[in-house]
Amino acid sequence: MDPVRGRLRRLPLRARLTALYAALFAASTLVVLVVAYGLLGDHLRRTLPDELADPILDRVALQLGLVLVGTTLLAVALGWIAASRALRPIGAVTATARRVSDDRLDERLALDGPHDEVRELADTFDAMLDRLSASLQAQRRFVANASHELRTPLTAIRTEVDVTLADPDATTAELRAMGDRVLAGTDELDDLLEGLLVLARSRRGVDRHEDVDLTAAARDAVAAAPACPGLELSVHPRTPAARAWGDGTMLGRVAVNLVDNAVRYNQDGGWVRVETAEGEQDGRRWATLRVANSGPLVPAADVDRIVEPFERLGRHGTGSGLGLSIVRAVVDAHGGRTRIEAPESGGLDVTVSLPGPAR
């Protein structure tokens, strides 16, 4: 690398801009002065003898050199001022970035002025802060909700143990009943922690890909669904195969969560309908899994909220509230799409579309 260029790159941006402005201005002035000197020299030599023209040209050259030096110094001063004004918005971005912290994400530049590159940078910075603020708020809600969900069964377990042990006359039957309730609480905790681990794993991405039969996954999910004698549960394959390309364990969890959610948040005499299909779109194969169910009415305005972790919208059920969150996270990690609709008759209609294996 050229040593001069290397030293220039180590200068502050304001100094480099000033040097650039001054160099351009000085070069332009030099060209103008050289042209003017040449024209004047030609005129004097045509009109005057050389012994008169040469002293005049020497004096003019000296004066033009002084003009060049003065204009260069003026260019340096004006260039410094212009660079300072040009970099002022960037200074505002830097100052705002230094003030931003977890507790001060409300800082915004809101830069006025023409829609130039600096304004675009400021708007991009503000948009980034908006995303960070929303992400941090969502993370705080998630931590608060997770803490609450974990504390509830732990409190119940602690209460059962304290009450039973505080009774010196507790019978064996009472101790067994306490053990059964503690075991149920630990099972609830285990399910919740497993859901949190799957959610975290899906957000890291997919490490393993294989050919997954969504129809078989749907049948396995229906077989593992909570027992509900008054519920009609059926699987309807629309095509001979519905093959997706991804992590078989995670995609199996998608089917289990959709069916489990449809069963838990349902009603007596209700129904759950599971459909699978395979098609082609945009030159690529796609597999779809659709789970529709009867149940309580879900307001259309709350459909987006229902996929948030621990969000139940007041619906009655024994789930942890992570089912649809895990579904969306896993589908997103596989490059798929999730569509959730809330029919006016009640219940939910959830369709996930997943990329199929390459031909």
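What counts and what doesn't
- Residues numbered from 1 in each chain as written.
- Predicted model: local features only at pLDDT ≥ 70, side-chain atom pairs only at ≥ 80, totals over all residues.
- Heavy atoms only, no water.
- Pairing = 2+ DSSP bridges.
- Helix = DSSP H or I, 4+ residues; strand = E, 2+ residues; numbered from the N terminus.
- Axes fitted to C-alpha atoms, helices over the stretch in contact; angles between N-to-C directions.
- Contact = heavy atoms within 4.5 Å.
- Buried < 20%, exposed > 50% of the residue type's maximum accessible area, 1.4 Å probe, protein only.
- Expected span 1.5 Å × (residues − 1).
- pLDDT = per-residue confidence, 0-100.
- Salt bridge = Lys/Arg side-chain N within 4 Å of Asp/Glu carboxyl O.
- Phe/Tyr/Trp six-rings, centres within 6.5 Å; stacked < 30°, edge-to-face > 60°.
- Lys NZ or Arg CZ within 6 Å of the ring centre and 35° of its normal.
- Core = buried A, V, L, I, M, F, W, Y, C linked by side-chain atoms within 4.5 Å.

(A) Examining the sheet that holds strand β4 (residues 271-281) more closely. Pairing is mixed in the open sheet, where 5 strands are placed in the order β2-β4-β5-β7-β6. The open sheet has two free edges, formed respectively by β2 (232-237) and β6 (337-341), since each of these has just one partner strand. Averaged over neighbouring strand pairs, the angle between their axes works out to 15 degrees when direction is ignored. Its contacts with the sheet place helix α6 (residues 214-223) against β2, β4, β5 (284-293) and β7 (349-355), and it is angled at close to 170 degrees to β2.

(B) How the structure looks around the pairing of β7. Burial analysis of β7 places 7 of its 7 residues in the buried class, the great majority of the element. Residues Asp349, Thr351, Ser353 and Pro355 of β7 are buried on one face, and the alternating residues Val350, Val352 and Leu354, pointing to the opposite face, are buried as well. Two strands pair when backbone bridges link them, and β5 and β7 are joined in this way by 7 bridges, in the antiparallel orientation. Its bridge partner lying in β7, valine 291 is registered against valine 350. Note that β6 and β7 share 5 bridges and pair antiparallel. Bridge pairing in β7 places threonine 338 opposite valine 352.

(C) Fine view of helix α5 (residues 172-204). Between its first and last C-alpha, α5 extends 48 Å over 33 residues, near the 48 Å set by a 1.5 Å rise per residue. If you check which residues of α5 are buried, you get Met178, Val182, Gly185, Leu189, Leu192, Gly195, Leu196, Val198, Leu199 and Ser202. Among the residues trailing α5, glycine 205 stands out with phi positive, at a value near 110 degrees.

(D) Summary view of the confidence of the model for the protein. Looking at the protein, the pLDDT average stands at 82 and 92% of residues meet or exceed 70. No element of the protein has a lower mean pLDDT than helix α1 (residues 3-9), at 57, and none a higher one than β7, at 94.

(E) Quick peek at the pattern of salt bridges. This structure, assessed with the given rule, holds 14 salt bridges. Between arginine 208 and aspartate 247 there is a salt bridge, with the nearest N and O atoms lying 3.0 Å from each other. Placement of arginine 208 in the loop between α5 and β1 (210-213) and of aspartate 247 in the loop between β3 (243-246) and α7 (248-264) is noted, with a sequence separation of 39 residues between them. Residue classification places arginine 208 among the partly exposed residues on the basis of a relative accessible area of 41%. In this structure, the salt-bridge partner of glutamate 341 is arginine 339, at a minimum N-O distance of 3.5 Å. Judged by relative accessible area, glutamate 341 falls into the partly exposed class, the value being 37%. Given the relative accessible area of 44%, arginine 339 is considered partly exposed. It is possible to trace a salt-bridge network through shared partners that takes in Arg238, Arg273, Glu275, Arg290 and Asp349.

(F) Up close: the packing of aromatic side chains. In total, this model carries 0 aromatic pairs according to the counting rule given. Over the ring of tryptophan 286 we find arginine 337, and its NZ or CZ is 4.2 Å from the ring centre.

(G) Layout of the nonpolar core. Ranked by internal contacts, the top residues of the largest apolar core, which has 46 residues, are Leu258, Val274 and Leu289. Looking at this core, the elements that each hand over two or more residues are α5, α6, α7, β4, β5, α8 (323-333) and β7. If you tally residues by element for this core, the top one is α7, at 8 residues. In this structure, Val93, Leu105, Phe125 and Leu129 belong to the second largest nonpolar core, which totals 7 residues.

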